[in-house]
Each structure stands twice: as structure tokens, then as C-alpha cells.
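Breakdown of the fold
Here's the letter readout for the chains.
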Amino acid sequence: MSRSRRVVLAVLMAVMALGGMAANCRAQAAAHTDPLNLDPIVRQGYERFYNLDYDGALKYFNQATQQHPQEPMSWNYVLMATIFRELYHQDLLDTTYYAHDSFLSTKREVEVPQATRDQINSLTDKVIAMCDARIKNNPNDKNAYFARGYAHGMHSAFITLVDHSFASAAKQGYEARNDSEAALKIDPQYADAKMAIGIQQFAVASLPRFVRLMVGIMGVGGSKEKGLDMLRDAAAHGVITGIESRTTLSLFLRHDGRYAEALQTQRGLAEQYPHDYLFQLEVANLLKDSGQGLQAIEAYKHVLELAQKPGYFVDPRLQMAWFGLADTQRGYNDIHAAAEGYMQAAMQTNCSDWLRKRAQLNAGEMYDLLNDRAQAVRMYQMAAASGGDQSQAEAARKYQKTPFTGK
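Within an unreviewed UniProt entry, the label attached to the chain reads Tetratricopeptide (TPR) repeat protein, and the organism entered is Granulicella mallensis.

This is the structure we're talking about:
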């Protein structure tokens, strides 16, 4: 046999071996997850979901409910996409908002349309009721335990970020952990179930003692390292929680100032989903928080440049990038650029009232430092305007009377 033929044969054998390994991995995954998670329609929905095409994702997920109306996971997909679409539209998926403990005491009020809130509550109740019936019929139904825990976890995230209902959220998070532990007890290789446990372990360990007391979870154990390890496992082996676990892992590492691993994780997500606006934005956020301000400025500008390409991002919330850029420039005492960045954030047509008024307040501060008192007062008046979010009003009224002199 000639050398060239041997090379071709070797390549073919390698391809066949890899194909066999991939098939084996799929078979192993199918044994430890709900089969619906591997359905082609569901996978197409997730591809759109991770490019922030929530409406496109919902078309596929709703199709899954039509084909599998008795499967609780089909309704969980719709619940997940509905919740995250609303959080995105409220500018609540910029992790700068909750990467630090300050969000626990924020006064922000989020106006969610009642129809959306009713839909989220109805979907949550529907999934839980379906799972309750399945578990009653078969106490060893691992998929039902996971699906119920997933619904509790999604709803917990929603009421935490939207309502700051920490007591209710903590209870739902605990239910998600209990159900996930039940699924793992039945099937120790059910990797998707490790995400909820990891989140709850880390979150409980991170809460200040007074908050634990306030939400009534003083007797619930938590460990940051165990939580991170569970998330790493779910990230590596989860079928539907792999990307979510990597995203959460990056956030938790950022929370604890472990920027090297957080950046490695986040850059991997951005490379895998280059058209996900949030994944690209988070790289810049992490560079900023890690003290790499000049690199962060370039990263924010790169995100804004990508957004200029037609169709590159789906519905990019450019106010997040402009605000992060302005904050970083402010840290370098580039007051002119920071003022422009905050103004750009406030002028975005899809900006939430909360973020717009934050940007207006900060822009006013920058104009005060530039000795443009008239423009500063105009910004403060906008930030203190009645109606909508009022979390910036007190500070804005203060600076209308006395110019800002800080940094």
C-alpha cells in the first residue's frame, strides 16, 4: 500500500473512531437526561436562545409543547425563555447589577407587564403540578424531579431580580436544590441536576448573616467551593445546563474576585457564541473589574463596533456597553469621554427607565466636574423626574441644590 493511501486510510479510521466516540457520548448523555432535551427542535431553540433571539427560541419551544404537551420539560423551555426575555428587556442581565452585594439593598422598582407576570406564574404552576402528579405515580421519576426543580429555580431567579422577594426566592431555591438532590440520588450521573445545587450552595454561603436570618434559611448549609465544583461539573457534562452553569460560574467567580478563571470561562462562551451580546459584554465587564481598565475600554468599544454590523447581534442593549465604558473612563479621570458615554447610554431607545436615570445622574456628575452647571442641572432634573423608577431621585435632587464635587 502506498504512503498516501495509508495516510488516507488512517484519516478515515480516525474520523470513524471520533464518530463512534461522539455517538457513544450522545448515548451516555441520553441515559442521564430527559430525552426531550436532545430533541432536534429543542436544540434549535437553545441555539437561538444563546444568541439572545428569544422570540426565535420561543417559536421552537412552543412547537415542542405542541408536540409534547404532557412533558413538563417542554413547558420549562417556554418558562425559561419568557423569563430571560423579560429580564433582558428590563436591563437586568447586565451582571454588573448583581455581581456585587449592593443589589441586595437597591431601591429599584421593576415594572413587569401583568400579562407577562401572569404567564410566568402560570407556567411555573403548570410544570410543578405536572411533576407532582408524575412523582406521585412514580417516586423514582428522576426527570420529573429535575423538571420541578428547574421550574422552582427559574422562578426563584425571576422574583429575586425583579421583585427582590428574597424570602420567597430563597424558599424556591431550596426546593430546586431538594429536587435536584432527589434526581441525583436516583441517578448520580444526572449532571444537569448539579447546577441548582451548585447555585444554592454558593448563594447561601455568600449571603451575609443578617440576610440569612431575614429570609429564614439560617439552618441551610452552604459552601462556596462545593458550589463552584458542582457548577464546573454541570458545565462540563450537563445537557441543557452546561451553558447556564458556565455563565453562573463566571458570575460567581467575578463576585469573589477570581478573575482569571472567570475570564477564561467567559471568553470560552464568547468564542462559542460570538453573536451573543451579553457574552461579549461580560468579557469587558470582567476586564474592568479585574483592574485591566485600558483593555476593558477597548473591549467595550469592540462590542459597540460589532453592534454596528447589520444583524450581528439580536436586539443589543447598547446602553449596557456605553454605561460600562463610561464607568471605566471615569475611573481613568477621562471626564469628557465618561460624560459622553453616560449620555449615549441614556439616549438608547430601548433603555430601561432605571438605567436611563442612572446614566442621567452620572452624566450630571460629570458635567459638574466639567463646570458645566447648566447641563448638569438638566441631567439631574431628568434623573429626578416623577413617574417610573425613583431610585436615583434623592441623589439627583441633592445635586440640583449642591454641585457634585466627588469623582
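1. Focus on the overall build of the chain
A tally of helices and strands in the chain yields 19 helices and zero strands. When each of the 407 residues of the chain is scored for burial, the buried share is 52%. When the accessible area of the chain is evaluated, it comes to approximately 18,700 Å², of which 54% is carbon and sulfur surface.

2. Overview of the packing of helix H10 (residues 224–237) against helix H11 (residues 242–255)
Put simply, H10 and H11 touch, their axes get as near as 7 Å, and they point 150° apart. When the axes of H10 and H11 are compared, the pair comes out roughly antiparallel. Crossing hand, H10 versus H11: left-handed. Contacts between H10 and H11 involve Leu228, Leu231, Arg232, Ala234 and Ala235 from the former and Gly242, Ser245, Arg246, Thr248, Leu249, Phe252 and Leu253 from the latter.

3. Things to note about the packing of helix H3 (residues 54–67) against helix H4 (residues 72–89)
Interaxial distance between H3 and H4 falls to 8 Å at its minimum, and their mutual angle equals 160°. As far as their axial angle goes, H4 and H3 are roughly antiparallel. Regarding H3 and H4, the two cross each other, and that crossing is left-handed. Across the interface between the two elements, Tyr54, Asp55, Leu58, Phe61, Asn62, Ala64 and Thr65 of H3 pack against Ser74, Trp75, Tyr77, Val78, Met80, Ala81, Thr82, Phe84, Arg85 and Tyr88 of H4. Looking at the contact of H3 with H4, its residues break down into 11 nonpolar, four polar and two charged.

4. Quick look at the pattern of salt bridges
According to the stated counting rule, one finds 20 salt bridges in the structure shown. One salt bridge connects Arg134 with Glu71, and the closest N-O pair in it is separated by 3.2 Å. With a gap of 63 residues between them, Arg134 in helix H5 (residues 114–137) and Glu71 in the loop between H3 and H4 connect regions that are remote in the sequence. For Arg134, a relative accessible area of 26% corresponds to the partly exposed category. With a closest N to O distance of 2.9 Å, Asp187 and Lys142 form a salt bridge. Taken together, the residues Asp187 in the loop between helix H7 (166–186) and helix H8 (194–206) and Lys142 in helix H6 (residues 142–163) connect sequence positions 45 residues apart. Of the two residues, Asp187 and Lys142, neither departs from the other in class, the shared state being buried. Residues joined by salt bridges that share partners form a network here, namely Arg254, Glu282, Lys288 and Asp289.

5. Structural notes on the environment of Asp125
With respect to the helices and strands, the residue Asp125 is situated in helix H5. A sequence separation of 26 residues divides Asp125 from Ala151, and the C-alpha atoms of the two residues are 8.5 Å apart.

6. Topic: the packing of aromatic side chains
According to the stated counting rule, one finds 19 aromatic pairs in the structure shown. Relative to Phe313, the ring of Tyr312 has its centre 5.0 Å away and its plane inclined at 90°; by these criteria the two rings are edge-to-face. Accessibility expressed as a relative area gives 18% for Tyr312, which makes it buried. Through successive ring pairs, a cluster of aromatic residues spans Tyr46, Phe49, Tyr50, Tyr54, Phe61, Tyr77, Phe84, Tyr88, Tyr273 and Phe279. One Lys or Arg, Lys126, reaches over the ring of Trp75 and ends 4.6 Å from the middle of that ring. The ring of Tyr88 is capped by Arg317, whose NZ or CZ atom sits 5.7 Å from the centre of that ring.

Quick notes on the rules
- Residue numbers run consecutively from 1 along every chain, following the written order of its sequence.
- It should be noted that, the model being predicted, local features are given only for residues of pLDDT at least 70 and side-chain atom pairs only at 80 or more, the latter also being counted only at that level, while totals for whole chains, interfaces and linings use all residues.
- The side-chain figures draw on all heavy atoms in the structure; neither hydrogens nor water molecules are used.
- Strands are runs of DSSP state E lasting at least two residues, helices are runs of H or I lasting at least four, and both sets are numbered from the N terminus onward.
- For every residue, the accessible area obtained with a 1.4 Å probe (protein chains only) is divided by the maximum for its type, and the residue is called buried under 20%, exposed over 50%, and partly exposed between those limits.
- Per-residue and other accessible areas were derived by the Shrake-Rupley procedure at a 1.4 Å probe size, with only the shown protein chains allowed to occlude residues.
- In this analysis, axes come from line fits to C-alpha atoms, helices being fitted only over the stretch in contact, and the angle between any two N-to-C directions falls in the range 0 to 180 degrees.
- An angle below 35 degrees is treated as roughly parallel, one above 145 as roughly antiparallel, one from 65 to 115 as roughly perpendicular, and anything else as oblique.
- For any helix crossing, the convention is left-handed if the near helix is rotated counterclockwise from the far helix by under a right angle, and right-handed if that rotation is clockwise.
- Any pair of residues with heavy atoms lying within 4.5 Å of one another is described as a contacting pair.
- Here the nonpolar group is Ala, Val, Leu, Ile, Met, Phe, Trp, Tyr, Cys and Pro; Asp, Glu, Lys and Arg are the charged ones; every other residue, Gly included, is treated as polar.
- Every case where a carboxyl oxygen of Asp or Glu lies within 4 Å of a side-chain nitrogen of Lys or Arg is listed as a salt bridge.
- Two rings from Phe, Tyr or Trp (for Trp, the six-membered ring) form a pair when their centres are within 6.5 Å of each other. A pair whose planes differ by under 30 degrees is stacked, one over 60 is edge-to-face, and the rest are tilted.
- Either the NZ atom of lysine or the CZ atom of arginine qualifies as a charge over a ring when it sits within 6 Å of the ring centre and within 35 degrees of the ring normal.

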